[in-house]
Amino acid sequence: MARPNALTATMKASIRKPVVALFNDSRKGETPVVRSNNALFDARSVAWRVHGDVGSMMVGGIASLLLQMLHPSVLAGVWDHSNFRADMHGRLRRTARFVAMTTYGDRAAAEALISRVCAIHDQVTGILPDGTPYRANDSALLAWVHVTETSSFLDAWIRYSEPLMSARDQDRYFAEMVRIGEAMGADPLPRSRAEAKALIQAMRPHLQSDERTRQVARLILGGSEGTMLADLPRRFATQAAVDLLPAWAREAHGLSVPILERPLVRAGTFGIAQTLRWAFR
């Protein structure tokens, strides 16, 4: 196969550079996670396939955060114990790096990162406005975070990359991701698409939305740092993430994508996802 000519290589580099900067904090010396032959998952896993697509992972990551914040204990943990209001971009970046490291990074580094995150969760406790105590390391709470992430990542992958993905591979993805959920202390964990849907449905009576939820959603969906080239995928991703949410979640957040705009959002996001795949190939 012929090598790309100089112009093509320059174009790809110009697209990759701002996107890499979006997900890696150069001030901390961060560089993209290198794919390891000794990762927690191997190259034949569905997790490698799903998590390797930059465009759909941006959409799924934002959608998962919007879903997570509907749980009052998750919202309180973020509200009371983080600087998200000053650094929402940093939170999104750390989430993306955790997924990349635990999927592709060297096993020892991935396990060390999981241990650090678990230790941080041990320190996150508090009282909800209604007087209910919460703990970030509560197994059911961790299960909610896990199922919203895996479901959103997979839904975004199917919509923007593999619309004919088999039910078998979808179930394989959830079964594979149990490994990360167990390491984090989450329980119960879905091992199939059907179990994931059932877990989300069972959690719905515990979800709610208030002014704090809406404030966090505005920050999640707000502008990002960086160049216009880097911000364009994010602006499409935020609209696509709202579109990806279940109708009940959009309603809870007071968000919507007008029906006439949905084809434009999906087509634009698909185009950007295709461009990013080309640039990172």
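Residues numbered from 1 in each chain as written. Predicted model: local features only at pLDDT ≥ 70, side-chain atom pairs only at ≥ 80, totals over all residues. Heavy atoms only, no water.

Undergrad: Just give me the short version of the side chain of threonine 238, but keep the residues and values in it.
TA: Here threonine 238 lies in helix α11 (residues 228-244). Given a relative accessible area of 10%, threonine 238 falls into the buried group. Reaching out from threonine 238, the side chain makes a polar contact with the backbone oxygen of arginine 235 at a distance of 2.8 Å. With residues up to four places along the chain from it excluded, the contact list for threonine 238 reads Ile62, Ile220 and Leu221. (Helix = DSSP H or I, 4+ residues; strand = E, 2+ residues; numbered from the N terminus. Buried < 20%, exposed > 50% of the residue type's maximum accessible area, 1.4 Å probe, protein only. Polar contact = N/O pair within 3.5 Å; in protein donor to acceptor, adjacent residues only side chain to side chain. Contact = heavy atoms within 4.5 Å.)

Undergrad: Describe in detail the packing of helix α3 (residues 54-68) against helix α10 (residues 211-221), supporting the description with residues and values.
TA: Viewed as axis vectors pointing N to C, α3 and α10 meet at an angle of 170°, and their least axial separation amounts to 10 Å. In terms of axis orientation, α3 runs roughly antiparallel to α10. Listed contacts from α10 to Ile62, Leu65 and Leu66 of α3 are Ala217, Ile220 and Leu221. (Axes fitted to C-alpha atoms, helices over the stretch in contact; angles between N-to-C directions. Parallel < 35°, antiparallel > 145°, perpendicular 65-115°, else oblique.)

Undergrad: Now, about α3: what can you tell me, with residues and values included?
TA: Taking 1.5 Å per residue as the helical rise, α3 with its 15 residues ought to reach 21 Å, and the 21 Å between its terminal C-alpha atoms agrees with that figure. Burial within α3 is extensive, with 14 of its 15 residues counted as buried. (Expected span 1.5 Å × (residues − 1).)

Undergrad: Summarise helix α6 (residues 107-122); cite the residues concerned and give the values.
TA: The end-to-end C-alpha distance of α6 is 23 Å, a good match for the 22 Å that 16 residues give at a rise of 1.5 Å each. Along α6, the positions that sit buried rather than exposed are Ala110, Leu113, Ile114 and Val117. Looking straight down α6, one finds its buried side chains confined to an arc of 100°; they lie on one side. Seen from the open side of α6, the exposed residues pointing more than 90 degrees away from its buried face are Ala108 and Arg116. (Arc of directions from axis to C-beta.)

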